[in-house]
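# An overview of the molecular structure
The chain contents come next:
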Amino acid sequence: MGHKKRGTFSPKEFDALVEQALAELPSPYARLARDVSVVVEEEPPADVLEDLDLESPDDLLGLYQGLSVADDSFFHSGGQQPPRIAIYRGPILRLCETAEEVRKEVRDTVVHELGHHVGLADDEMPY
């Protein structure tokens, strides 16, 4: 991909970077990622930004939605959505300038959100 100008990744190229980032996850995360669907969305929804009390959509690069493994229990009968991680293309492209930066940011974001999946708080994340 070489040196591309900021924001010139097509959705398809961005998806390829996300797939590459997922392929590079360290093994405990790669195992976890198999249980979670990772989707790319253009921008974080306004209601999510409001819920999280964020000033700008650029403050949110990804979002974990679902019960953490720690919260999942016998009492949750079916009907739960499978956990999912949304990766927000717009904010990541505005933050990053190169394919390498995008891939690293996506990987860090996925690891961070998988941390939520296993019930880690922000300050317990492994990076």
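For clarity, every value in this text was computed on a predicted model and none was experimentally measured.

With that settled, the discussion passes to the overall build of the protein. In terms of regular secondary structure, the protein is built from five helices and three strands. Order of helices (α) and strands (β) in the protein, N terminus to C terminus: α-α-β-α-β-β-α-α. Split into buried and exposed, the 127 residues of the protein put 35% on the buried side. Put simply, of all contacts in the protein between residues at least 6 apart along the chain, 69% involve residues at least 24 apart. When the accessible surface of the protein is split by element, carbon and sulfur atoms take 52% of a total near 7,600 Å².

Relative to the assigned elements, T109 resides in helix 5 (residues 99-117). Apart from residues no more than four positions distant in its own chain, T109 is found in contact with L61, G62 and I87.

Glancing now at the environment of T109. Judged by relative accessible area, which is 7%, T109 ranks as buried. There is a polar contact of 2.7 Å between the side chain of T109 and the backbone oxygen of E105.

Looking at where P45 falls in the secondary structure, it is placed in the loop between strand 1 (37-41) and helix 3 (46-51). Given a relative accessible area of 30%, P45 falls into the partly exposed group. Separated by 43 residues in the primary sequence, P45 and Y88 place their C-alpha atoms 9.8 Å from one another.

Strand order in the open sheet made by the three strands is 1-3-2, with mixed pairing throughout. The open sheet is flanked by strand 1 and strand 2 (62-65), the only strands paired with a single partner. Taking each pair of neighbouring strands and ignoring which way they run, the sheet shows an average axis angle of 20°. In terms of strand pairing, strand 1 meets strand 3 (residues 84-88) through five bridges, oriented parallel. By the bridge assignment, V40 is partnered in strand 3 with I87. Each of strand 1 and strand 3 touches helix 1 (residues 11-23); the most contacted strand, strand 1, lies at about 150° to it.

On to the side chain of R103, then. Checked against the element boundaries, R103 lands in helix 5. On the accessibility criterion, R103 (14% relative accessible area) is buried. Apart from the residues lying within four places of it in its own chain, the contact partners of R103 are L17, Q20, A21 and E24.

A word on the pairing of strand 3. Within strand 3, four of the five residues are buried, leaving the element largely enclosed by the surrounding structure. With four bridges connecting them, strand 2 and strand 3 associate as antiparallel partners. Of the residues in strand 3, the one forming a bridge with L63 is A86.

Calculation criteria
- As a convention, each chain's residues are numbered from 1 in the sequence order in which they are written.
- Whole-chain, interface and lining totals are the exception, using all residues; otherwise, since this is a predicted model, local features are given only for residues with pLDDT of at least 70 and side-chain atom pairs are given and counted only at 80 or more.
- No hydrogens and no water enter the side-chain calculation; it runs on all heavy atoms of the structure.
- Working definition: helices are DSSP H or I runs of at least four residues, strands are E runs of at least two. Numbering for both runs from the N terminus.
- In this scheme, a residue with accessible area under 20% of its type's maximum is buried, one over 50% is exposed, and one in between is partly exposed, where area comes from a 1.4 Å probe on protein chains only.
- Contacts are assigned to residue pairs that have any heavy atoms within 4.5 Å of one another.
- For accessible areas, the Shrake-Rupley method is used with a probe of radius 1.4 Å. Any residue's cover is judged against the shown protein chains and nothing else.
- In protein, a polar contact requires one atom able to donate a hydrogen and another able to accept it; more generally it is a pair of N or O atoms within 3.5 Å, and residues adjacent in sequence count only if both atoms are side-chain atoms.
- Paired strands, as defined in this entry, are two strands with at least two bridges between them according to DSSP.
- Axis lines are fitted to C-alpha atoms, over the contacting stretch for helices. Their N-to-C directions set the angle, which ranges from 0 to 180 degrees.

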